[in-house]
Each structure stands twice: as C-alpha cells, then as structure tokens.
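Tertiary structure, described
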Amino acid sequence: MTLSSGVTPRAKLPDVGTTIFTVIGQLSAAHGAINLSQGAPNFPCDARLVEQAHRAMLRGHNQYAPMTGLTALKEAVAGKVATLYHREYDPGSEVLITASASQGIYAAIAGLVHAGDEVIFFEPAFDSYAPIVRLQGATPIGLKLSCPTFRIDWDALRAQITPRTRMIVLNTPHNPSGQVLQPDELTRLAALVRHTDIVLLSDEVYEHVVFDGAQHQSMARHPELATRSVIVASFGKTFHVTGWRVGYCLAPAALMAEVCKVHQFMMFAADTPMQHALAAWMQEPAHWQQLGPFYQQKRDLLSRLLADSPFELLPSAGSFFMLARYGHFSDRPDHEMVRQLIIEYGVATLPLSAFYTDGTDNRIIRLSFAKDDATLHAGAEALCRVSSQHV
Ligand code: GLN
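First, a word on what this report is: a plain description of the structure on this page. Note that the structure is a prediction, hence the values are computed from the model and not measured. (Residues numbered from 1 in each chain as written. Predicted model: local features only at pLDDT ≥ 70, side-chain atom pairs only at ≥ 80, totals over all residues. Heavy atoms only, no water.)

**Focus on the packing of aromatic side chains**
According to the stated counting rule, one finds 16 aromatic pairs in the structure shown. Within the aromatic cluster, the residues linked to one another by ring pairs are Phe43, Tyr206, Phe294, Tyr295, Phe320 and Phe321. The ring centre of Trp288 lies 5.6 Å from the NZ or CZ of Lys80, which sits over that ring. Sitting over the ring of Tyr89, Arg87 keeps its end group 5.5 Å from the ring centre. (Phe/Tyr/Trp six-rings, centres within 6.5 Å; stacked < 30°, edge-to-face > 60°. Lys NZ or Arg CZ within 6 Å of the ring centre and 35° of its normal.)

**Thoughts on the site of the ligand**
Residues in close proximity to the ligand include Phe21, Gln38, Gly39, Phe126, Asn175, Tyr206, Lys237, Phe321 and Arg366, which together make up its full environment. The backbone of Gly39 places a nitrogen or oxygen atom 2.6 Å from an oxygen atom of the ligand. At 3.3 Å from a nitrogen atom of the ligand is found a side-chain nitrogen or oxygen belonging to Lys237. Contact with the protein chains covers 80% of the free accessible surface of the ligand, which is 290 Å². Within the shell around the ligand, the residues separate by chemical class into four nonpolar, three polar and two charged. (Near = heavy atom within 4 Å. Polar contact = N/O pair within 3.5 Å; in protein donor to acceptor, adjacent residues only side chain to side chain. Areas by Shrake-Rupley, 256 points an atom, 1.4 Å probe, with all protein chains shown as cover. Nonpolar A, V, L, I, M, F, W, Y, C, P; charged D, E, K, R; others polar.)

**Considerations on the packing of helix 2 (residues 47-58) against helix 11 (residues 272-281)**
At a closest axis distance of 8 Å, the pairing of helix 2 and helix 11 adopts a crossing angle of 130°. What the angle tells us is that helix 2 and helix 11 run oblique. When the axes of helix 2 and helix 11 are compared, the crossing they make is right-handed. Contacts between helix 2 and helix 11 involve Arg48, Leu49, Gln52, Ala53, Ala56 and Met57 from the former and Pro273, Met274, His276, Ala277, Leu278, Ala280 and Trp281 from the latter. Its residues placed into classes, the contact of helix 2 with helix 11 shows ten nonpolar, two polar and one charged. (Axes fitted to C-alpha atoms, helices over the stretch in contact; angles between N-to-C directions. Helix = DSSP H or I, 4+ residues; strand = E, 2+ residues; numbered from the N terminus. Parallel < 35°, antiparallel > 145°, perpendicular 65-115°, else oblique. Left-handed = near helix turned anticlockwise from the far one by under 90°. Contact = heavy atoms within 4.5 Å.)

**Notes on the sheet that holds strand 7 (residues 229-234)**
Taken together, seven strands build an open sheet; the order of strands is 2-8-7-6-5-3-4 and the sheet is mixed. Of all the strands in the sheet, just strand 2 (95-98) and strand 4 (139-144) have a single pairing partner and so form its edges. Strand after strand, the sheet turns through a mean of 20° between neighbouring axes, direction not considered. Of the strand pairs in this sheet, strand 2 and strand 8 (residues 247-250) are connected by four bridges, and their pairing is antiparallel. Paired with Thr98 across the strands is Gly247, a residue of strand 8. Contacts from helix 10 (residues 253-266) reach strand 2, strand 6 (199-203), strand 7 and strand 8, with the element oriented near 25° to strand 2. (Pairing = 2+ DSSP bridges.)

**Some words on unusual backbone geometry**
Residues Thr172 and Pro173 are joined by a peptide bond in cis, for which omega reads -15°. Topologically, Pro173 is positioned in the loop between strand 5 (165-171) and helix 7 (183-193). Residue Ser319 is not a glycine yet carries a positive backbone phi of 80°. Tracing the sequence through the fold places Ser319 in the loop between strand 9 (312-313) and strand 10 (321-325). Residues other than glycine seldom take positive phi values, yet Arg363 does so here, at roughly 55°.

See below:
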C-alpha cells in the first residue's frame, strides 16, 4: 500500500530512473544470485578499524565534527598525498572530508558549475555525473571513449571545448572500464586547458587499486593540472568500508572555498567516530600500499577462472572491474543478457549500456572482482556454464 499523492511533482530528472546498482542489486538478491555487480567488497574490513570506531564512540566522539573534517584526518590525508604525489595541500583550507566520494562529487559540481555552463565527461561513466550537472541547469557533454580500448580521443575533446566549458570530469582508474590515464595524457590535458578557466573534477576513488606496477596518475602529481583540479577520493574503497560513507576532496584554497559552501549545507560535517577511526588507521601506509597487489590477485583469479567461458575479457589496469564482451556469440541487448544471467545462471553483473547517457550497447557486461575468492569461484563457475549456443 502506498499513500496517494495530492500533487503531481514536476520532475527535475524525468528520464532518470533508479540507479542500476540498486536495480541489479535487488534483482540479484531476489534470485539469490552470486553478486559480481556492485563495486563493493563482500569481505570484512580489518576488525581493528571497527574497534577504533567503537572506541571513538565510547570516548564520546558522537557530536558534530568540524565542518571541513577532523584536523587529524585532514593532516593524515595531506601527509599521504605529499608522500605519494609530491604535492602539498594545506589541511586547513585545501582538504575537505566528505560524507562519501559521491557527496564530494556533488558538492564540487554544485559549487563550481553555473546554469548554462557545459561540463565534459567521458562515457561510459559513473552514473551520477550527468544528472548532477543537469541539476545545476548546466549541460553534460558526454564524449565517448574508444571501444574496446576505452581511451580518450584527444582531438574530439579539443573540438568539444567551447567558451561555455566550465569543467571536465576525469576518472582514473576508470569505472567501469578498468583503464588508467598515462603520464603523456596528463601532458596533453594540460596543453588543452592551459589559458582557459576550465576546472578539472578528478574522480580518483580507485587511486590505490592500480595493477602491474603502474603508477596512479593523480592530478595532484601534475603541478599545472593540480592548480585547477578538485580531486575526489574514498576511504570506503581503500579500507573496505564502503558503507561508512567517508571520502575527501583536495583542491587549491580558492576552489575549495566554493566546494565547502555547498558541503556545509548538504552535510555540515561527515560522520565523527568514523573520522577518528580513519585518522588512526591512516598512520599505517601498509594499508593502502598492499591494495594494488591484493586486487590484482583477484583480477587474475577471475580472469583465470573465466578463461574457458565464452566471454571475451578486456584487460583491466586498475579499479574493481573488468569488462567482458559477448557480441561474438549473442546479439541480445546487454540489459537482457544481464537479466538472463541472473535469472537462469544465478550470477549478477552490470550492463555497460547503463554507463552511457544514450544507452549505447556494445554487448559488454561489467564484472566486479571486489569479492572474496569463494564468490569469484562461484560466479565464474556460473559464467562458465553459459553456453554460446543457448543465449
Ligand atoms: N562505485 C560502485 C560501483 O560502481 C558502487 C556504486 C553504487 O552502488 N552507488 O559499483
């Protein structure tokens, strides 16, 4: 029973439905499927991190944190960034602790993008960017990455930049493709935006999940790009606590001031006891240093297990994800393929078309390997049962 409404709302996002992560998560649960869809670990975080949060609550850290975040946590973030990317951010004015990376993305776009502006982003893309831009009265311009290599077409980007371009959204390591930006691409980007007022919003939530010895190309690394970038990062992805909803932003003080104006009225401040726990946890660099190898093993395990499946795996250089093509054995739309995999084979994945605003369907699904090994074995076994003759 639902309550009938006395008014008809004028939808602000009439064409937007429930996010694919929720839709597929629910379908997967309803069918008891092995869930390789959401980029969230199904294994526990370190119990000592939970103890830190518990202790913080018992010590009475249960009221509002400072608006921009706990000083100890902001200092720990600035220290890590200085060590890894050789860029000093002032914890007082250039680091903001947010209630999830998603909230940081929202605050950055809402704080810096005006009605009538254009925001360029690259598709396939995380599904929140375009709706958040539209909610500002601005226009999202989705530029397609090449398929199946998922690289930026630099000439297309140059052609798309206009006097109305306010922001370019970057994401490395990239969700959903698993590709990472290369140092020479940062150089190209710097040349394109030089002498403009374009702000870069750099979604780096998988910064520590980079494989095969590669180095994460943070905008913080690049002296010129850093001066025009809002970098968004996540504690949830790094410490296996996606449900804690704590992330952070880094930006030069003048940009950060505008982001904070929105943040203060969205959240005021992020969760206090979690910030205390994370500040203590951040003292130990081993926690993020081992993350790349940890997920690389999972990527390799899933790849090995799927070697005899009919799916063609695309290489993943970072993130929690790999893509799998199936167009050579089935012409089913990817949404249908995903439904069939859940209902008939008991394994949940995501359709890549959900990451395109125009629903481009290249007959590709996304697999998350942020799962315990038993789940990867079970999910792969189900995918190996897929016979190219019967779908
Ligand atoms: N970032 C994760 C993913 O891409 C989870 C997103 C979500 O559930 N909102 O799967």
